[in-house]
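Structural characterization, general
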Amino acid sequence: MDRAIKRGAGGEDGTNYEEVRYEGYGPGSVAIIVEGLTDNRNRTATEVRTAFNKNGGALGETNSVSFMFDRVGAIRYPASAAGAEAMFEGALDAGADNVESDEDGHEITCAPDDLGAVRDALEAKFGTPEYARLDWKPQTTVPVADEETARTLLKLLDTLEDNDDVQRVQANFEIPDDIMEKLG
């Protein structure tokens, strides 16, 4: 009983968590990368495979879709942190590769090896970011113009994100605004 309580509290049961990555294709040939943290690889693999199979996708082998993505350092600030020009100049001075600003905020990308240095320089100037992490950025996007395909794809992504072991899901799709409104 004590061991169950400790396990539930998140400590001292000797649980070994490991990072896992799954890759596959969703409806409409959308490439999907699923990153997770698990204490049971077999359980997580089965749950991810089931999610893909039940929602019109197919789980692939390691590196079956990752070649369509670039590994980048990603840092996000809210729009209130700075104006677009100030953020661009600050990120450029910090060594970032790109800054994309819109009304929601600023997305800064850099080389994976430069993430720590760029984050620290931006933190000193603009404060703590919403996040600073390694991310997968799609090289190209796949248009999903069919409403039923979009519905199934979004259901697959929701199912994957609802899994307790899944940390992040990246995909290379683009759904037109009018279809998103119908589904929303």
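Conventions used here
Residues numbered from 1 in each chain as written. Predicted model: local features only at pLDDT ≥ 70, side-chain atom pairs only at ≥ 80, totals over all residues. Heavy atoms only, no water. Helix = DSSP H or I, 4+ residues; strand = E, 2+ residues; numbered from the N terminus. Buried < 20%, exposed > 50% of the residue type's maximum accessible area, 1.4 Å probe, protein only. Contact = heavy atoms within 4.5 Å. Areas by Shrake-Rupley, 256 points an atom, 1.4 Å probe, with all protein chains shown as cover. Domains from an automatic or database assignment. Buried area = accessible area lost by both parts, 1.4 Å probe. Salt bridge = Lys/Arg side-chain N within 4 Å of Asp/Glu carboxyl O. Pairing = 2+ DSSP bridges. Axes fitted to C-alpha atoms, helices over the stretch in contact; angles between N-to-C directions. Arc of directions from axis to C-beta.

With respect to the overall build of the chain
A tally of helices and strands in the chain yields six helices and ten strands. Each of the three principal axes of the chain carries a C-alpha extent, and together these read 50 × 50 × 30 Å. For the chain, buried positions account for 36% of its 184 residues. Pairs at least 24 apart in sequence give 71% of the contacts found in the chain among residues at least 6 apart. By element, 45% of the accessible surface of the chain is carried by carbon and sulfur atoms, the whole surface being about 10700 Å².

Looking at the domain arrangement of the chain
Domains assigned within the chain are domain 1 (18–67 + 139–181) and domain 2 (69–138). Across the contact, 13 residues belong to domain 1 and nine residues belong to domain 2. Carbon and sulfur atoms supply 52% of the area buried between domain 1 and domain 2, which totals about 950 Å² over both sides. Interface area lost by domain 1 to domain 2 is led by Gln139, Arg168 and Gln170, which between them contribute 52%. Linking domain 1 with domain 2 are two salt bridges, by the criterion used here. In this structure, the salt-bridge partner of Asp135 is Arg168, at a minimum N-O distance of 3.7 Å.

Considerations on the sheet that holds strand E7 (residues 131–138)
Judged by pairing direction, the sheet is antiparallel, and its four strands sit side by side in the order E5-E6-E4-E7 without closing on themselves. Lying at the two open borders of the sheet, with one neighbouring strand each, are strand E5 (98–102) and E7. Along the sheet, successive strands turn relative to each other by an average axial angle of 30°, direction set aside. Relative to strand E6 (residues 105–110), E5 runs antiparallel, the two being bridged by five bridges. Bridging across to E6, Ser101 finds its partner in His106. Together, strand E4 (69–78), E6 and E7 form the strand contacts of helix H4 (residues 115–126), whose direction differs from that of E4 by roughly 10°.

A look at helix H3 (residues 84–94)
Because each turn of an α-helix spans 3.6 residues, side chains separated by three or four positions end up pointing in the same direction. Buried within H3 we find Met87, Gly90, Ala91 and Ala94. Taken around the axis of H3, the buried residues stretch over an arc of 95°, which confines them to a single face. Residues of H3 that are exposed and angled more than 90 degrees away from the buried face: Glu85, Leu92 and Asp93. The secondary structure elements touched by the buried residues of H3 are E4, E5, E6 and H4. Where H3 terminates, the next one or two residues include Gly95, which has phi positive at roughly 105°.

Observations concerning the sheet that holds strand E3 (residues 58–59)
As summarised here, the arrangement of the four strands in space is E3-E1-E2-E9, forming an open sheet in which the pairing is antiparallel. With partners counted over all chains shown, the strands left at the sheet margins are E3 and strand E9 (166–171), one partner each. Alignment of strand E2 (residues 30–38) against E9, held across five bridges, turns out to be antiparallel. Looking at E9, one finds that Gly36 is bridged to Val166. Contacts from helix H2 (residues 41–54) reach strand E1 (18–26), E2 and E3 within the one sheet, and its direction differs from that of E1 by about 15°. Lying on the sheet, helix H5 (residues 147–162) is in contact with E1, E2 and E9; it crosses E2 at an angle near 10°.

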